[in-house]
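What follows is each chain in one-letter form.
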Amino acid sequence: MAASGAARPSRRLLATERHREALAGYLFILPTFIGYAVFIIGPIFAAIGLSLTRYDMLSAPEFVGLSNYAELWSDRRLWAVYRNTIVFTVFAVLLNVGVGLVLAVLINRHMPPVLKYFFRTVYFFPVLVALAYSAVIWQFLYQKDTGVINYYLGFAGIAPIGWLNTRTWVMPAIILMDVWKNTGFFMLVFLAGLQNIPQSYYEAAKLDGAGRWQLFRFITLPMLSPTIFFNITVAMIGALQVFDSIRVLTDGGPGDASRSLIMYITEMAFQNFEMGYASAISITLFAVIVVLTLIQFRMGRYWVYYD
Amino acid sequence: MATTSRLDAQAAAERRTVRYDRLIDAAAIAVLFLGAAVMVLPFMWMFSTSLRLTADAFKLPPDWIPRQWHWENYAAVFQSSVPFVRFALNSSIVTSLVVVGQLVTCSMAAFAFAKLRFPGRNLLFFVLLASLMVPGQVTIIPVFIIMRQLGLVDSLAALILPSLISAFGVFLLRQFFLGLPQDLIEAAKIDGAGPFMQFARIALPLAGPALASLAIITFNGTWNNYFNPYIFINTWEKMTLPLGITVLRGYLNSGSIAALMAGVTMAILPMLVFFLIAQRWFIQGVTHTGIKG
């Protein structure tokens, strides 16, 4: 008792100091959380609320229950844009991550540092160029009669392809440009991942007589699996929101053949002023992203290897 | 005798694999050069077209290396009734305010989450992190309604305000602050420094590289953003470059594709120069995100 009596003043001092620290902590996060409440959390709940209404921004929102969601099922165009978005996502993720991995493995081989620097710079640069600018350039490269791509394909005896105005070729064209634009990002992340693999693992395996493919399959791939996982997640969330490139290249055409989900949402909301219905669609996208991310994390347990 | 010959055979086999490895290296370099050409050609086409006479714009095969030097195409961008300078100015205003804003809000919150103790800290951080899963496009309708209520539709403020905070930025900087030795903070405390002093005098000056990474990622994302201006802005006077370029495209039409490419070249140039100067930070930023994300 006597001892604690002596300690009391300093404990009180400590308590006020702890109070001060906590107060400072709340003050420091306040700006972030104000913005968070107004522009992220608030709008999520508002979007859920709006999806239960009919609202054209002129008259007050009218509560309609789940009827917007019921309408989704019979909306033929919605199915079409969902299909486009999923096709885009599957191929964009596979190609962006796959090509990025191949490039990183190649650049990681033995070569003069100047070359490494050069390749890294060249492959990464398009990542920094706005998708909108890339699309403005590629739109001309893709032209059927005047475009550079068809001109060179002509030498291989390939008849001019209607890249941007036929249903068959419009999605491949958009995906191809996306890979050109984005794969450098994944390459760079893979390069960092490759450099984190201890060289001694390879040497030990070589002593055991492992061949090239075995080194890649049993050392590189498992050691790289967290990076692959990260890249797939990032690529997927990005691809599901594809907008800029398609808006500039084709504006969704021909017909709805290349229209993405986000384009459809903005059309419904800002051209047709069906805010409630558009909100219901965006809630479905949100749900898809959450579910896919959770599935990814669940599946990741089986193939992602952490030290 | 027997052992030496076996060693010889082993050495020969090793030499063979090394030689084979060199061959693969050479093949890798060849493939990478081919791919590099694909990466660069669209930009070369853009640049050489920007210097051609409009009549030659669709010439096939195109001159990959410019042979004509019609710099007046660049002047034409400024002389057209599309306010290109205004676009560039708007982009600069929006980008610089967003970058500065995020550096302030994110570094403060990140420091608090990394180094200050307060009840609910972990829960609040988790709640913030969860929002990384929410794409901006999903919340765009309510945010648009908010902006309309505030009378900010078709103003630069609509592009700036929602971007002044970033959950990603808080996450990135928190990782950095976590790595700062606690001893530094404790020493400052003994010298009587409160939380503000610890933040401003100790943590911030050491955070240069992390702040640079965040600044660059934010700069790039904001400078290139097309979606938000597309939703919020509808007059030329308020447009930023990416949206402005697409307006320029419609306005000049295919007749003046040379001038359009001149505009695109000028819009891309700052990014190229900036990248060549600050490449280290760009790469560090991406690497940080990838490895620690």
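Within each chain, residue numbers correspond to sequence positions counted from 1 in written order. Ligands are numbered from 1 and chains lettered from A, in the order in which they are written. Only residues with pLDDT of at least 70 get local features here, since the model is predicted, and only at 80 or more are side-chain atom pairs given and counted; chain-wide, interface and lining totals rely on the full set of residues. Note that the side-chain values use all heavy atoms of the structure and ignore hydrogens as well as water.

*Asks:* Explanation requested: the overall build of chain A in the structure shown.
*Replies:* The helix count covers DSSP runs of H or I at least four residues long, the strand count covers runs of E at least two residues long, and both are numbered beginning at the N terminus. Check the secondary structure of chain A and you find 12 helices and 2 strands. When the helices and strands of chain A are placed in sequence order, the string is α-β-β-α-α-α-α-α-α-α-α-α-α-α. Relative to the globule expectation of 19 Å for 307 residues, the C-alpha radius of gyration of chain A, 26 Å, shows a markedly less compact shape. With the C-alpha coordinates of chain A rotated into their principal frame, the extents come out at 100 × 75 × 35 Å. We call a residue buried when its accessible area falls under 20% of the maximum for its residue type, exposed when it is over 50%, and partly exposed in between, using a 1.4 Å probe and counting protein chains only. Within chain A, the fraction of its 307 residues that count as buried is 52%. By sequence separation, contacts in chain A at least 24 residues apart represent 67% of the contacts at least 6 residues apart. The Shrake-Rupley method, run with a 1.4 Å probe sphere, supplies the accessible areas, and residue values consider only the shown protein chains as cover. In the structure as shown, chain A presents an accessible area of about 14,900 Å², 68% of it carried by carbon and sulfur atoms. Note that the radius of gyration is over C-alpha atoms, with the globule rule given as 2.2 Å times the number of residues to the power 0.38. By definition, residues are in contact when any of their heavy atoms lie within 4.5 Å.

*Asks:* I tried to follow the overall build of chain B on my own but got confused; where do I start?
*Replies:* Looking only at helices and strands, chain B features 13 helices and 0 strands. Put simply, chain B runs from its N terminus to its C terminus through helices and strands in the order α-α-α-α-α-α-α-α-α-α-α-α-α. For 293 residues, the compact-globule formula gives about 19 Å, and the C-alpha radius of gyration of chain B, at 26 Å, lies well above that figure. Considered along the principal axes of its C-alpha atoms, chain B spans approximately 75 × 75 × 35 Å. Looking at the 293 residues of chain B, the share that counts as buried comes to 49%.

*Asks:* Got a minute to help me understand the packing of aromatic side chains in this structure?
*Replies:* Given two aromatic rings, their pairing is described by the distance between the two centres and the angle made by the two planes. In this scheme Phe, Tyr and Trp rings, the latter by its six-membered ring, pair at centre separations within 6.5 Å, and the angle between planes marks the pair as stacked below 30 degrees, edge-to-face above 60, and tilted otherwise. Per the stated rule, a full pass over the model turns up 45 aromatic pairs over all chains. Where Tyr151(A) meets Tyr152(A), the ring centres are 5.0 Å apart and the plane angle is 80°; that geometry is what we call edge-to-face. By way of ring pairs, the aromatic residues Phe124(A), Phe125(A), Trp138(A), Tyr142(A), Trp163(A), Trp169(A), Trp180(A), Phe43(B) and Phe275(B) are connected into one cluster. Here, a charge over a ring means that NZ of Lys or CZ of Arg falls within 6 Å of the ring centre while also lying within 35 degrees of the ring normal. Sitting over the face of the ring of Phe125(B), Arg174(B) holds its NZ or CZ atom 4.1 Å from the ring centroid.

*Asks:* Explain helix H7 (residues 167-195) of chain A to me, please; I cannot follow it from the model alone.
*Replies:* Residues separated by three or four positions in an α-helix point in the same direction, a consequence of the helix having 3.6 residues per turn. Residue and element names in this part refer to chain A. The first and last C-alpha atoms of H7 sit 42 Å apart over 29 residues, in line with the 42 Å expected at 1.5 Å per residue. The principal kink in H7, of about 45°, is found at Asn182. Summarising burial for H7: 22 of the 29 residues are buried, a large majority. Helix span, expected: 1.5 Å multiplied by one less than the number of residues in the helix. The reported bend at a residue is simply the angle between two axes, fitted to the 7 residues ending at it and to the 7 residues beginning with it.

*Asks:* How do you make sense of the interface of chain B and chain A when you look at a structure like this?
*Replies:* Reports of interface size often rely on the accessible area that becomes lost once the parts have come together. Counting residues at the interface gives 95 residues for chain B, matched by 89 residues for chain A. In total, about 8,600 Å² of surface goes out of reach between chain B and chain A, with carbon and sulfur atoms giving 77% of it. The three residues of chain B that bury the most area against chain A are Leu32(B), Met39(B) and Ile141(B), which together make up 8% of that side's buried surface. Criterion for a salt bridge: a side-chain nitrogen of Lys or Arg within 4 Å of a carboxyl oxygen of Asp or Glu. At the boundary of chain B with chain A, the tally comes to 5 salt bridges. Where Lys189(B) meets Glu21(A), a salt bridge forms, and the shortest distance between an N and an O atom there is 3.7 Å. Residues adjacent in sequence count toward polar contacts only when both atoms are side-chain atoms; beyond that, a polar contact is any pair of N or O atoms within 3.5 Å, and within protein one must be able to donate a hydrogen and the other to accept it. One can count 20 residue pairs in polar contact (both at pLDDT 80 or more) joining chain B with chain A. Among the secondary structure elements, those contributing two or more residues to the side of chain B that touches chain A are helix H1 (2-50), helix H3 (84-115), helix H4 (121-130), helix H5 (140-149), helix H9 (195-206), helix H11 (227-232), helix H12 (241-252) and helix H13 (257-292) of chain B. Put simply, buried area is how much 1.4 Å-probe accessible surface two parts lose in total, over both of them, once they are put together.

*Asks:* Just to check I follow, could you spell out the pattern of salt bridges for this structure?
*Replies:* Residues and elements named next belong to chain A. Taken as a whole, this structure holds 12 salt bridges over all chains when the rule is applied. Note that Arg77 is salt-bridged to Asp256, the shortest N-O span being 2.7 Å. You can see Arg77 sitting in helix H3 (residues 76-107) and its partner Asp256 sitting in the loop between helix H10 (244-249) and helix H11 (261-270), a full 179 residues away along the chain. Here Arg77 falls in the partly exposed class, since its relative accessible area comes to 28%.

*Asks:* Whenever I open this one, the packing of helix H5 (residues 131-141) of chain A against H7(A) confuses me. Can you help?
*Replies:* Any two packed helices are characterised by the angle at which their axes cross and by the distance between the axes. All names here are of chain A. Throughout, an axis means a line fitted to C-alpha atoms (over the contacting stretch in the case of helices), and angles, computed between N-to-C directions, take values from 0 to 180 degrees. Look at H5 against H7: their axes get within 11 Å of each other, and the N-to-C directions meet at 130°. Considering their axes alone, H5 and H7 lie oblique with respect to each other. Like other packed secondary-structure pairs, H5 and H7 cross with a definite hand, here right-handed. Facing Leu131, Ser134, Ala135 and Trp138 of H5, the residues of H7 in contact are Met177, Trp180 and Lys181. These descriptions rest on fixed angle ranges, namely under 35 degrees for roughly parallel, over 145 for roughly antiparallel, 65 to 115 for roughly perpendicular, and the rest for oblique. Note on convention: the crossing is left-handed when the near helix lies turned anticlockwise from the far helix by less than a right angle, right-handed when the turn is clockwise.

*Asks:* Quick question: what am I supposed to make of the packing of H3(A) against H7(A) here?
*Replies:* All names here are of chain A. One can describe the packing of H3 onto H7 by two numbers: an axis separation of 6 Å at closest approach and a directional angle of 40°. Judged by the angle between their axes, H3 and H7 are oblique. The way H3 lies across H7 gives a crossing that is right-handed. Here the residues of the contact of H3 with H7 sort into 21 nonpolar, 5 polar and 1 charged. In this classification, the charged set is Asp, Glu, Lys and Arg, the nonpolar set is Ala, Val, Leu, Ile, Met, Phe, Trp, Tyr, Cys and Pro, and all remaining amino acids, among them Gly, are polar.

*Asks:* Just checking my understanding: could you explain helix H10 (residues 208-223) of chain B for this structure?
*Replies:* Across its 16 residues, H10(B) extends 22 Å between first and last C-alpha, which sits within 8% of the 22 Å expected from 1.5 Å per residue. By the burial criterion, the buried members of H10(B) are Ala210(B), Leu211(B), Ser213(B), Leu214(B), Ala215(B), Ile216(B), Thr218(B), Asn220(B), Thr222(B) and Trp223(B).

*Asks:* Looking at this structure, how should I read the nonpolar core?
*Replies:* Buried together is how nonpolar side chains tend to be arranged in soluble globular proteins. By nonpolar core is meant a set of buried Ala, Val, Leu, Ile, Met, Phe, Trp, Tyr and Cys residues that side-chain atoms within 4.5 Å join together. Counting residues in each nonpolar core, the largest one holds 151 residues, and the members touching the most others are Ile137(A), Ile141(B) and Phe232(B). Considering each element in turn, this core owes the most residues, 16 residues, to H7(A). Counting residues in hydrophobic clusters, the runner-up holds 33 residues, among them Phe33(A), Leu128(B), Leu172(B) and Ile185(B).

*Asks:* Can you walk me through the environment of Leu292(A) in this structure?
*Replies:* Residues and elements named next belong to chain A. Mapped onto the secondary structure, Leu292 falls in helix H12 (residues 275-303). Judged by relative accessible area, which is 29%, Leu292 ranks as partly exposed. Separated by 56 residues in the primary sequence, Leu292 and Met236 place their C-alpha atoms 8.8 Å from one another. If near-sequence neighbours (up to four positions away) are discounted, Leu292 is found in contact with Met236 and Leu240.

*Asks:* Sorry if this is basic, but what is going on with unusual backbone geometry here?
*Replies:* Leaving glycine aside, a negative phi is the common case for residues, and trans is the common case for peptide bonds. Residues and elements named next belong to chain A. Residue Pro254 follows Gly253 across a cis peptide bond; omega there is -5°. Summarising the element assignment, Pro254 is placed in the loop between H10 and H11. You will see that Met57, though not glycine, has its phi angle at about 70°, which is positive. Looking at the secondary structure, you find Met57 in the loop between strand E1 (53-54) and strand E2 (62-63).

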